[in-house]
Amino acid sequence: MTATKRTYDRLAILYDLDDAMFFGLKQMWRKKIIDDLNVEKGQFILDIATGTGRAAKILSKRAEHAQIVAIDFSKSMMDIARIRNWNRDNIAFILCDAAHLPFKDGIFDAASCMCGMDTVDDPGGVISEATRVLKKKKRFGMMYFRKPKGWVKYIFAPLMKYYNIVWKTGYVDLSTIIAGQPLTIIKNRDLILADALVVEKK
Ligand SMILES: C[S@@+](CC[C@H](N)C(=O)[O-])C[C@H]1O[C@@H](n2cnc3c(N)ncnc32)[C@H](O)[C@@H]1O
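Fair warning: this is a prediction, and the values are worked out from it, not measured in the lab.

*Asks:* In this structure, what is going on with the site of the ligand? I would like to understand it.
*Replies:* Not every one of the 21 residues close to the ligand is listed here, only the nearest: Ala49, Gly51, Ser74, Ala98 and Met114. Where the shell around the ligand is concerned, the elements lending two or more residues are α1 (3–15) and α4 (54–62). Tallied by class, the residues present in the shell around the ligand amount to 11 nonpolar, 6 polar and 4 charged.

Structure representation (structure tokens):
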């Protein structure tokens, strides 16, 4: 078991407090990136590192009659995701490692990973797996925290320090990983405290 998995299993009950600590920004960002995915009804959509299931819920509401598959390796986080989404019957929850997805190639119409790429131990493996399971010309949206710069660091540096320590996050540069995959960058959003990338499979 990795230290990351242990952390999320132990502290899952506290995770949603973060959304309040970030003044609702995280939820606003999730919605923005999901908008960029152009999800449509009837699609088959993957939410990677779903955590407590907030992005899965947005996806399930946006894409009527879609099937959402929400994966995470922490059972405690997923238990909360199941409770949050108790009344949404188009979400299937699967406990697994994002770097070893138990799915066939090219089956998903869209994929998301919100506040996840800065947490996973092997971002290269996760992006490679997300690319593998995505259909051609379909989109993968990622949102992840970045090191606070400029005036932002005076306000948010202590909060980010807390976030990094408690939730075992780090700052990642995904450009080299993405360049090594059959992906085109469609959108690169500057969210001040976070970066968001929307890529399309070639
Ligand atoms: C910061 S939380 C993000 C949760 C959610 N996506 C959100 O928008 O709030 C990171 C999640 O990634 C999960 N995670 C980390 N590494 C993982 C891996 N290798 N495979 C699957 N889940 C992983 C953790 O269990 C945790 O639920």
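Let's pick the thread back up.
*Asks:* Please explain the sheet that holds strand β3 (residues 91–95) as it appears in this structure.
*Replies:* Strands in a sheet are paired, the pairing made by backbone hydrogen bonds, and the direction either parallel or antiparallel. With mixed pairing, the 7 strands of this open sheet are ordered in space as β3-β2-β1-β4-β5-β7-β6. For this open sheet the edge positions go to β3 and β6 (183–190), each flanked by a neighbour on one side alone. Averaged over neighbouring strand pairs, the angle between their axes works out to 15 degrees when direction is ignored. Sheet analysis places β6 next to strand β7 (residues 194–201), joined by 7 bridges and oriented antiparallel.

*Asks:* Is there a simple way to think about the packing of α1 against helix α5 (residues 75–84) in this case?
*Replies:* A pair of packed helices is captured by two measures, namely the crossing angle of their axes and the spacing between those axes. Packing of α1 against α5 leaves a shortest axis separation of 7 Å and a crossing angle of 35 degrees. Note on element contacts: α5 touches α1 through Lys75, Ser76, Met77 and Ile80, opposite Tyr8, Asp9, Ala12 and Tyr15. When grouped by side-chain class, the residues that make up the contact of α1 with α5 number 5 nonpolar, 1 polar and 2 charged.

*Asks:* What is the right way to read the packing of helix α3 (residues 25–36) against α4 from this model?
*Replies:* Packing of α3 against α4 leaves a shortest axis separation of 10 Å and a crossing angle of 45 degrees. In terms of their interaxial angle, α3 and α4 are classed as oblique. α4 is crossed by α3, and the crossing has right-handed handedness. Taken together, the residues of α4 that come into contact with α3 (itself represented by Gln27, Arg30, Lys31 and Ile34) are Arg54, Ala55, Ile58, Leu59 and Arg62. In the contact of α3 with α4, the residues fall into 4 nonpolar, 1 polar and 4 charged.

*Asks:* I'm lost on the pairing of strand β5 (residues 134–145) in this one. Help?
*Replies:* The two faces of the sheet receive side chains in turn, since in a regular strand these alternate between them. Most of β5 sits out of view: 9 of its 12 residues are buried. As judged from the 6 bridges shared by strand β4 (residues 108–114) and β5, these two strands associate in the parallel manner. For Phe108, the partnering residue across the bridge sits in β5 and is Leu134. A crossover links β4 with its parallel partner β5, the connecting element being helix α6 (residues 123–133), and its sense is right-handed. Direction of pairing for β5 relative to β7: antiparallel, over a ladder of 7 bridges. Across the sheet, Arg139 pairs through a bridge with Glu200, a residue of β7.

*Asks:* What is the right way to look at unusual backbone geometry in this model?
*Replies:* Where the residue is not glycine, phi is negative for most of them; where a peptide bond is considered, it is trans in most cases. A positive phi angle is found at Cys115, which is not glycine, with a value near 50 degrees. Relative to the helices and strands, Cys115 is located in the loop between β4 and α6. The class of Cys115 is buried, set by 25 C-beta atoms lying within 10 Å. Residue Ile192 is not a glycine yet carries a positive backbone phi of 70 degrees.

What counts and what doesn't
Residues numbered from 1 in each chain as written. Predicted model: local features only at pLDDT ≥ 70, side-chain atom pairs only at ≥ 80, totals over all residues. Near = placed C-beta within 6 Å. Helix = DSSP H or I, 4+ residues; strand = E, 2+ residues; numbered from the N terminus. Nonpolar A, V, L, I, M, F, W, Y, C, P; charged D, E, K, R; others polar. Pairing = 2+ DSSP bridges. Axes fitted to C-alpha atoms, helices over the stretch in contact; angles between N-to-C directions. Contact = placed C-beta atoms within 7 Å. Parallel < 35°, antiparallel > 145°, perpendicular 65-115°, else oblique. Left-handed = near helix turned anticlockwise from the far one by under 90°. Buried ≥ 20, exposed ≤ 12 C-beta atoms within 10 Å, placed from the backbone. Right-handed = clockwise from strand over helix to strand, strands pointing away.

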